[in-house]
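Descriptive structure summary
These are the residues of each chain, in order.
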Amino acid sequence: MMTNPTGRLTQGQFSFLPDLTDAEIAMQVEYGLNKGYAWSVEYTDDPHPRNTYWDMYGQPMFDLKDAAGVMMELAGCRKAFPNHYIRMLAFDSTAGVESVAMSFIVNRPKSEPGFALDRIEIAGRTQRYALRAYATDRPENERY
């Protein structure tokens, strides 16, 4: 059974939906700003599910109150890294810690090669499994 018929990377909110338009992204940013969330923009060319620490583009936007400022930061990241995965993160500090309240992908490479499941036999008949992104078979700046 195929659980992801689109074959696209599914991380964060809205993963199974069609790509959000800039107007829809701005609406999500505005929603987060109204809740008091701070936004940041991150990018990577290694979207492994356990790679939770993507590279941050610019600084977290703790003091912004207008979605246009966040969208300008996103536009700058898209211009600098057009063939990378880019995600938006909203941080909620109401509990006294910075925890992620929203996370969604806003940019993808044109081709998403997917992942391989590697099976490794160890002591006895025990099997270990590992996910490997096909993209990481090439050097960092040549992946997409």
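On a predicted model such as this, the values are computed, not experimentally measured, just so you know. (Residues numbered from 1 in each chain as written. Predicted model: local features only at pLDDT ≥ 70, side-chain atom pairs only at ≥ 80, totals over all residues. Heavy atoms only, no water.)

**Some thoughts on a nonpolar patch on the surface**
Residues Leu-117, Tyr-129 and Leu-131 make up a contiguous nonpolar surface patch of about 340 Å² in total accessible area. Positionally, Leu-131 belongs in strand S6 (residues 127-133). (Patch = residues over 30% accessible without salt bridge, like charges linked within 9 Å, V, L, I, M, F, W, Y side chains within 5 Å. Areas by Shrake-Rupley, 256 points an atom, 1.4 Å probe, with all protein chains shown as cover. Salt bridge = Lys/Arg side-chain N within 4 Å of Asp/Glu carboxyl O. Helix = DSSP H or I, 4+ residues; strand = E, 2+ residues; numbered from the N terminus.)

**What to know about the packing of aromatic side chains**
Counted by the stated rule, this structure contains 3 aromatic pairs. Aromatic pair Phe-14 and Phe-104: ring centres 5.3 Å apart, planes at 70 degrees, arrangement edge-to-face. Highlighted residues: Phe-14 in the segment before helix H1 (22-34) and Phe-104 in strand S4 (residues 99-107), separated in sequence by 90 residues. For Phe-14, a relative accessible area of 26% gives the class partly exposed. For Phe-104, a relative accessible area of 0% gives the class buried. A ring pair is formed by Tyr-43 and Phe-81, whose centres lie 3.8 Å apart and whose planes are at 15 degrees; its orientation type is stacked. Taken as a pair, Tyr-43 in strand S1 (residues 38-44) and Phe-81 in the loop between helix H2 (67-80) and strand S3 (85-92) lie far apart in primary sequence, 38 residues in all. Put simply, the rings of Phe-14, Trp-39 and Phe-104 pair up and form one aromatic cluster. (Phe/Tyr/Trp six-rings, centres within 6.5 Å; stacked < 30°, edge-to-face > 60°. Buried < 20%, exposed > 50% of the residue type's maximum accessible area, 1.4 Å probe, protein only.)

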